[in-house]
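Okay, here's what each chain looks like letter by letter:
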Amino acid sequence: VFAIVQLLLTFGLFNVIVAIFVENVLAAAKTNDQLVKKHRLRDQTYLGNKMVELLMVFWDLYREEENCEVPQRTSGKMSLEELVERAAPMQVSVTVFNKLCRNSKVRDIFRDLDVAEEDQTNLFEALDVDGSGTIDIEELFEGIAKLRGDARRSD
């Protein structure tokens, strides 16, 4: 009888030790994920690169959707300044925006920028701050920057 009690107590003690260990490992992993996410949200270079990538995708898809014939440079890729200059007058309607958002590249960029899935469903309304029914690149960039990450108290 004593040996059985001793055996049960030993297994119980080791079970408690393993549970504490697993709990600490999960807490450390969660803290690490939060630190990585916080660092990525603060990384302005990352944001800038993703915004340029988003603008390039939007510009290419917008040109295709609106059948815009814009003369391409003979040297291949256009510079960032030229891209911004050409895309500045771009006014994206809700129907074109919804088609753009169905593109896998755009969804991947939104995911990389931590724009929540539930925010993506009514994204056009959130980005169209002036209520004009269209969004320009300034509204797009400012809105995406505000929608990144988890909701904060100031939101």
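What counts as what
- Residues numbered from 1 in each chain as written.
- Predicted model: local features only at pLDDT ≥ 70, side-chain atom pairs only at ≥ 80, totals over all residues.
- Heavy atoms only, no water.
- Buried < 20%, exposed > 50% of the residue type's maximum accessible area, 1.4 Å probe, protein only.
- Helix = DSSP H or I, 4+ residues; strand = E, 2+ residues; numbered from the N terminus.
- Arc of directions from axis to C-beta.
- Salt bridge = Lys/Arg side-chain N within 4 Å of Asp/Glu carboxyl O.
- Polar contact = N/O pair within 3.5 Å; in protein donor to acceptor, adjacent residues only side chain to side chain.
- Contact = heavy atoms within 4.5 Å.

Caption draft 1: Region of interest: helix H8 (residues 137–147). Inspection of H8 places Ile137, Glu139, Leu140, Gly143, Ile144 and Leu147 among the buried residues, and these make up the whole buried set. Angularly, the buried residues of H8 cover 155 degrees about the axis, an arc narrow enough to put them on a single face. With respect to the buried face of H8, the exposed residues turned more than 90 degrees away are Glu138 and Lys146.

Caption draft 2: Layout of the pattern of salt bridges. Taken as a whole and judged by the stated rule, the model has three salt bridges. Residue Arg111 is joined to Asp108 by a salt bridge in which the shortest nitrogen-to-oxygen separation is 2.8 Å. With Arg111 and Asp108 both in helix H5 (residues 104–112) and three residues apart, this pair spans about one turn of that helix. Sharing partners across several salt bridges, the network here consists of Lys50, Glu53 and Asp112.

Caption draft 3: Just the side chain of Glu139, in detail. Relative to the elements of secondary structure, Glu139 occurs in helix H8. A distance of 3.4 Å separates a polar side-chain atom of Glu139 from the backbone nitrogen of Asp130. Beyond its immediate stretch of four places on either side in the chain, Glu139 contacts Leu127, Asp128, Val129, Asp130 and Thr134.

Nothing here speaks to function; it is geometry throughout.
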